[in-house]
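One-letter residues, chain by chain:
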Amino acid sequence: MIDNDFQISAEAIRKRIKVPEHPLWPELTADEKKALKERIKKLLDEQNAVVVAHYYTDGDLQELTEETGGCVADSLEMANFGTTADADTLIVCGVRFMGETSKILNPEKRVLMPDLDASCSLDDGCPIDLFSKFCDAHPDHTVVVYANTSAAVKARADWMVTSGIALPIVEHLKARGEKVLWAPDLHLGHYIEKVTGVDMLLWPGSCVVHEEFKSVALERLRRLHPDAVVLVHPESPDAIVEQADVVGSTTRLIQAVAEMQEKKFIVATDDGIFWKMKQLAPAKQLISAPTTGEGASCESCAHCPWMGMNSLQNLEELLLKGNNEIVIDADIREKALIPIQRMLDFANQHNISGKYQQQS
Ligand code: 13P
Ligand code: SF4
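Chemist: Is there a simple way to explain unusual backbone geometry in this structure?
Modeler: Glycine aside, the phi torsion of most residues is negative, and most peptide linkages are trans. Here the amide bond leading from Ala183 into Pro184 is cis, since omega sits at -5°, within 30 degrees of zero. Mapping Pro184 onto the fold places it in the loop between β7 (180-183) and α10 (186-196). Look at Asn48: it is not a glycine, yet its phi comes out positive at around 45°. Here Asn351, not a glycine, exhibits a phi torsion of approximately 55°, which is positive.

Have a look at this one:
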């Protein structure tokens with residue numbers, strides 16, 4: 001349910017978002033890449049630093065992360081990993097909210113990111129001044145925010161959730177009879193409402209990447225491949241989610257490819273995820289859900305431009321310069337820690353993980 005008393009529309013939010021050009025990284029020869037990776041490994045070692053990378057980042061970066069004992073995962077496990085890592089420096093390859101969450105949980109560690117401008121349309125579309133007004137208008141609601149928000153927005157929340165844990169947490173709040181205010185992803189909010197039956201107050205934000213999936217073109221593609229399983233991240237619009245066989249976090253979608261018997265999958269999420277899917281199930285066929293068609297825009301490429309700001313090249317530069325450190329105001333950190341820790345404790349109690357563990 002959208003709150004009619006609160007005067008902010010999806011269009012007004014969309015206007016605030018400046019989507020950057022996709023960064024173009026120079027092609028490297030196999031020898032150049034090998035040498036670059038060796039230099040990065042040495043620097044990580046010397047600085048007792050470890051990399052935490054999201055499944056949407058460049059495949060070479062995910063590979064290097066795994067080869068150096070780092071963590072490649074979804075936003076839930078990326079948050080968790082730093083708290084157990086025996087390193088002085090965490091290098092977060094993903095988008096800014098991921099680096100901020102790591103810093104909030106690990107104030108004693110140095111947290112660096114290859115590019116501090118790596119934002120997210122959900123985060124940019126939920127500024128703290130307007131979000132506070134939304135919360136103030138509904139003091140009787142429990143405030144649940146998606147991980148894709150600023151530290152200041154989290155500081156205003158009761159709970160933080162990721163896509164991998166949103167459903168059980170909202171079920172838990174429902175069982176306690178709590179009313180829920182949800183921000184910022186409208187589509188994920190609709191999906192949670194539909195599955196849990198909880199009528200939530202919704203902030204009208206969206207992901208510019210998932211919003212580009214086209215429902216009519218997906219219907220056509222499914223007719224062409226009737227044997228394919230349709231995998232959808234719940235940041236996608238309702239008309240895409242309705243066509244899914246599996247809806248879930250990036251980890252859940254990876255698990256589907258690795259464990260289901262079917263051989264063909266249509267994937268409606270950022271195509272950076274293909275690297276991990278191919279690593280786990282090289283014989284399976286992966287098809288990107290269509291992003292072009294009627295109404296297609298220049299953002300139609302199923303790849304997040306902010307996630308694309310992470311590369312081997314700027315990771316090396318970061319290690320050489322030691323810049324781009326995440327700094328969070330102490331008061332905000334203290335308040336933002338509460339909803340994040342609540343989520344991690346809940347995940348622990350219910351054995352919910354955000355990293356795909358291959359069955360042995
Ligand atoms: P996951 O937590 O499912 O990895 O999603 C993060 C994200 O930003 C998806 O766009
Ligand atoms: Fe944000 Fe969408 Fe990029 Fe995920 S894919 S980081 S939700 S803009």
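Chemist: Just to check I follow, could you spell out the confidence of the model for the protein for this structure?
Modeler: For residues with low pLDDT, the predicted coordinates do not support detailed interpretation. Taken as a whole, the protein shows an average pLDDT of 94; of its residues, 96% reach a score of 70 or greater. Low pLDDT, under 50, characterises residues 294-299; the predicted model gives this stretch five contacts beyond four residues in sequence or across chains.

Chemist: Help me understand the environment of Leu76, please; the structure alone is not making it clear to me.
Modeler: With respect to the helices, strands and loops of the structure, Leu76 is situated in helix α4 (residues 75-84). Judged by the 26 C-beta atoms lying within 10 Å of it, Leu76 is buried. Measuring from C-alpha to C-alpha, the distance between Leu76 and Ala147 comes to 8.4 Å, with 71 residues separating the pair along the chain.

Chemist: In this structure, what is going on with the packing of helix α2 (residues 30-46) against helix α15 (residues 312-321)? I would like to understand it.
Modeler: Helix-helix packing is described using two parameters, namely the angle between the two axes and the distance between the axes. Two elements in contact, α2 and α15, have axes whose closest approach is 10 Å; the angle formed by their N-to-C orientations is 35°. The element α2 and its partner α15 pack so that their crossing is left-handed. The residues of α15 that touch α2, namely those facing Leu36, Lys37, Arg39, Ile40, Leu43 and Leu44, are Leu312, Leu315, Glu316 and Leu319.

Chemist: Could you clarify how one ought to interpret the pairing of β7 in this entry?
Modeler: Two faces belong to every sheet, and in a regular strand the side chains alternate between them. Going residue by residue along β7, you find Val180 and Trp182 tucked away on one face and Leu181 and Ala183 tucked away on the opposite face as well. Judged from the four bridges that link them, strand β5 (residues 142-146) and β7 form a sheet pairing that is parallel. Bridge pairing in β7 links Val145 to Ala183. In terms of strand pairing, β7 meets strand β8 (residues 201-202) through two bridges, oriented parallel. Paired with Leu181 across the two strands is Leu201, which belongs to β8. On the question of chirality, the crossover connecting β7 to the parallel β8 by way of α10 is right-handed.

Chemist: Would you explain the site of ligand 2 in this entry?
Modeler: Lining the immediate environment of ligand 2, one finds 13 residues, of which Cys120, Ser121, Cys207, Val209 and Cys304 sit closest. Of the residues contributing to the shell around ligand 2, the split by class is nine nonpolar, two polar and two charged.

Reading the values: the criteria
- Residues numbered from 1 in each chain as written.
- Chains lettered and ligands numbered in written order.
- Predicted model: local features only at pLDDT ≥ 70, side-chain atom pairs only at ≥ 80, totals over all residues.
- Helix = DSSP H or I, 4+ residues; strand = E, 2+ residues; numbered from the N terminus.
- pLDDT = per-residue confidence, 0-100.
- Contact = placed C-beta atoms within 7 Å.
- Buried ≥ 20, exposed ≤ 12 C-beta atoms within 10 Å, placed from the backbone.
- Axes fitted to C-alpha atoms, helices over the stretch in contact; angles between N-to-C directions.
- Left-handed = near helix turned anticlockwise from the far one by under 90°.
- Pairing = 2+ DSSP bridges.
- Right-handed = clockwise from strand over helix to strand, strands pointing away.
- Near = placed C-beta within 6 Å.
- Nonpolar A, V, L, I, M, F, W, Y, C, P; charged D, E, K, R; others polar.

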